[in-house]
Each structure stands twice: as C-alpha cells, then as structure tokens.
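If you want the building blocks of each chain, they are given just below.
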Amino acid sequence: AESKIPLPLQIKHMMAFIEQEASEKVEEIDAKAEEEFNIEKGRLVQTQRVKIMDYFEKKEKQIDQHKKIQMSNLKNQGRLKVLKTRDDMITDLLHEARQRLAEVTKDADSYSKLLECLVLQGLYQLLEPKVTIRCRQQDVEMVQAAVNRNIPIYQEAVKSKITVRIDQDRFLPSDICGGIEAYNENGKIKVSNTLESRLELLAQQMMPEIRVTLFGPNPNRRFMD
C-alpha cells in the first residue's frame, strides 16, 4: 500500500520551500541592489572627483594668473621708481649746471667773448636786415661791444647790410645767468641765446650720452644712433 505523508507535514515542507526560495530571492535582490548601489556610488564619486579636480585646476590657474599680474605690477612699479630716481638725478645735475652758469659772468673777459659768439650766432640764425637784441640791463655795454665787433664779420660773411639795435625799454630778467635774445624787425621771430636756453638745448642733444655716463648702456636698446 502507498504511504501517504500527513497533510500538516506536506504544508510544512511547502512552507519551508517557499521560505527558502524567498530567502534566496531576497539575497539575490540584495546582491543586485548592492551592486547597483556600488556602481552608482562609484559613478557619483568619479563625477564629483572630476568636478573637484576641475575646480581646483581652475583655482590654480587663477592663482597663477593673479601671481603673474602681481609680479608684473611690482616689476612695473620698480621700473617706474628707477626711472623716477634717474630723472631726479638728471634734474639735480642740470640744476647744479645752471647754478654754475652764474660763475661764467663773473669773469668779464670770458663772458664778453661768449657774448660775441651768442650775438653772431643769433644774427646768422635770423638772417634779417634789421635785428633787435634784448639782454640783461647790466650787460648792455658788453652786448653793444659784441654787436659792434660782429656787424663787420656778419656783413662780410653774408654780403649784406644789417642794422642791429639793443632794446633799451625791455630787458631780460636780471636774475637769469646771462646771454641774449635776438628778434627780427616785427618781433615775430625770436632766437633765444640765453645761457639757460643754450644749456637746455645742449642737455636735450646730449641726453643719451648723459644717461649712458650716469647709468651705463641700456641693455634693452637695440639700435644706437
């Protein structure tokens, strides 16, 4: 006769089987969820890592750029200070030279010869038939003597007559170092041959040489006159 398993026992076996399958299914779902979680977590971590790296790379570039700008500004400020100091030195040098010009007029012989040169040069620069000369009031006699000596020289050189007068109404300031100013007849053309103007002209012409003498050759200068 076929043996029969009691019904309660069959139910228990079925329940145990169902529970086993459910447990395995739960483990499978948990494993898959864990795998998907790890994959998503890795993706998110990698994404954030890239964002963080990009952020710090941009920050590093910004800091580097800021550093370069600061260095450039500091270099420019230093260069401007050097140029300002050099300009101040040249200004002081020219100021000292102007003060020494006053010593020239103390030697009457030397100053009279200098006035002759300045007067004759003024006549040659104007090349006018009538010339007015202005000078310091204290120099009138010396300038008149210089004019008298130079008129024959000028006329012989240019083969033309000239009339020269000294302005007795308007004199050059007495506190300048000396020299003359020469004007054409209507006063529209002027030749300034004061000692100060000659020094200024000489300083402009010799400024490159003055700078080289004081500060040495400029390493950034590619061409020399």
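Up top you'll find the structure we're talking about.
What you are looking at is a predicted structure, and each value in this text was computed from that prediction instead of being measured. (Residues numbered from 1 in each chain as written. Predicted model: local features only at pLDDT ≥ 70, side-chain atom pairs only at ≥ 80, totals over all residues. Heavy atoms only, no water.)

Draft legend 1. The overall build of the protein chain, seen in detail. Looking only at helices and strands, the protein chain has four helices and four strands in total. Compactness check: the protein chain gives a C-alpha radius of gyration of 50 Å against a globular reference of 17 Å for 225 residues, more than 25% above the reference. Dimensions of the protein chain along its principal axes, counting C-alpha atoms only, are 170 × 35 × 35 Å. The contacts of the protein chain with a sequence gap of at least 6 include a subset with a gap of at least 24, amounting to 73%. Accessible surface for the protein chain amounts to roughly 17,300 Å². Of this, 56% is attributable to carbon and sulfur atoms. (Helix = DSSP H or I, 4+ residues; strand = E, 2+ residues; numbered from the N terminus. Rg over C-alpha atoms; globule rule 2.2 N^0.38 Å. Contact = heavy atoms within 4.5 Å. Areas by Shrake-Rupley, 256 points an atom, 1.4 Å probe, with all protein chains shown as cover.)

Draft legend 2. Looking closely at the sheet that holds strand S3 (residues 179–183). Here four strands make up an open sheet; going across it, the order is S2-S1-S3-S4 and the pairing mixed. Bordering the open sheet on either side are strand S2 (163–166) and strand S4 (190–194), each of which pairs with just one other strand. The average angle at which neighbouring strand axes cross in this sheet is 20 degrees, direction not considered. Alignment of strand S1 (residues 130–135) against S2, held across four bridges, turns out to be parallel. By the bridge assignment, threonine 132 is partnered in S2 with arginine 165. In the packing of helix H2 (residues 108–126) onto the sheet, the strands contacted are S1, S2, S3 and S4, and the crossing angle to S3 comes to about 20 degrees. Contacts between helix H3 (residues 140–158) and the sheet are confined to S1, S2 and S3, with S2 contributing the most and set at about 175 degrees to the helix. (Pairing = 2+ DSSP bridges. Axes fitted to C-alpha atoms, helices over the stretch in contact; angles between N-to-C directions.)

Draft legend 3. The nonpolar core, seen in detail. Ranked by internal contacts, the top residues of the largest apolar core, which has 26 residues, are Val131, Ile133, Val143, Val164 and Ile180. If you list the elements that add at least two residues to this core, you get H2, S1, H3, S2, S3 and helix H4 (195–215). Ranked by residue count, the leading element in this core is H2, at seven residues. (Core = buried A, V, L, I, M, F, W, Y, C linked by side-chain atoms within 4.5 Å. Buried < 20%, exposed > 50% of the residue type's maximum accessible area, 1.4 Å probe, protein only.)

Draft legend 4. Layout of the pairing of S2. Only one face of S2 is buried, namely the one carrying Val164 and Ile166, since none of Thr163 and Arg165 on the opposite face is buried. In terms of handedness, the path from S1 via H3 over to S2 forms a crossover that is right-handed. (Right-handed = clockwise from strand over helix to strand, strands pointing away.)

Draft legend 5. Quick look at the layout of surface pockets. Its boundaries defined by the atoms lining it, the second largest pocket holds a volume of some 160 Å³. Lining of the second largest pocket is provided by Leu101, Leu114, Leu118, Leu195, Arg198, Leu199, Leu201, Leu202 and Gln205. At the level of elements, H2 and H4 are the ones that each hand at least two residues to the lining of the second largest pocket. Here the element with the most residues in the lining of the second largest pocket is H4; it accounts for six residues. Classifying every residue of the lining of the second largest pocket gives seven nonpolar, one polar and one charged. (1 Å grid on protein atoms, 1.4 Å probe; cavity = no way out; pocket = protein on both sides within 12 Å on 5 of 7 lines; lining within 4 Å. Points joined across faces, edges and corners; volume = space filled by probe spheres on them. Nonpolar A, V, L, I, M, F, W, Y, C, P; charged D, E, K, R; others polar.)

Draft legend 6. Layout of H2. Look at H2: 27 Å from first C-alpha to last across 19 residues, which is about the 27 Å you get at 1.5 Å a residue. When H2 is considered as a whole, its buried residues turn out to be Tyr111, Ser112, Leu115, Leu118, Val119, Leu120, Gly122, Leu123 and Leu126. Of the residues flanking the start of H2, the one acting as N-cap is aspartate 107, its side-chain oxygen 3.3 Å from the backbone nitrogen of aspartate 109. Positive phi shows up at leucine 127, right after H2, with a value of about 50 degrees. (Expected span 1.5 Å × (residues − 1). Polar contact = N/O pair within 3.5 Å; in protein donor to acceptor, adjacent residues only side chain to side chain.)

Draft legend 7. Fine view of the environment of leucine 120. Within the element layout of this structure, leucine 120 appears in helix H2. The class for leucine 120 is buried, based on a relative accessible area of 17%. A sequence separation of 26 residues divides leucine 120 from alanine 146, and the C-alpha atoms of the two residues are 8.3 Å apart. Those residues in contact with leucine 120 that sit more than four places away from it in its chain are Asn150, Ile153 and Tyr154.

Draft legend 8. Quick peek at the packing of aromatic side chains. Considering all chains together, one arrives at two aromatic pairs under this definition. Their ring planes at 80 degrees and their centres at 5.3 Å tell us that tyrosine 55 and phenylalanine 56 sit as a pair that is edge-to-face. The exposure class assigned to phenylalanine 56 is exposed, which follows from its relative accessible area of 52%. Plain terms: the ring middles of tyrosine 124 and tyrosine 154 are 5.5 Å apart, the flat faces sit at 40 degrees to each other, and that makes the pair tilted. Remark: tyrosine 154 occurs in helix H3 and tyrosine 124 occurs in helix H2; sequence separation between them is 30 residues. A relative accessible area of 32% means that tyrosine 124 is categorised as partly exposed. For tyrosine 154, a relative accessible area of 3% corresponds to the buried category. (Phe/Tyr/Trp six-rings, centres within 6.5 Å; stacked < 30°, edge-to-face > 60°.)

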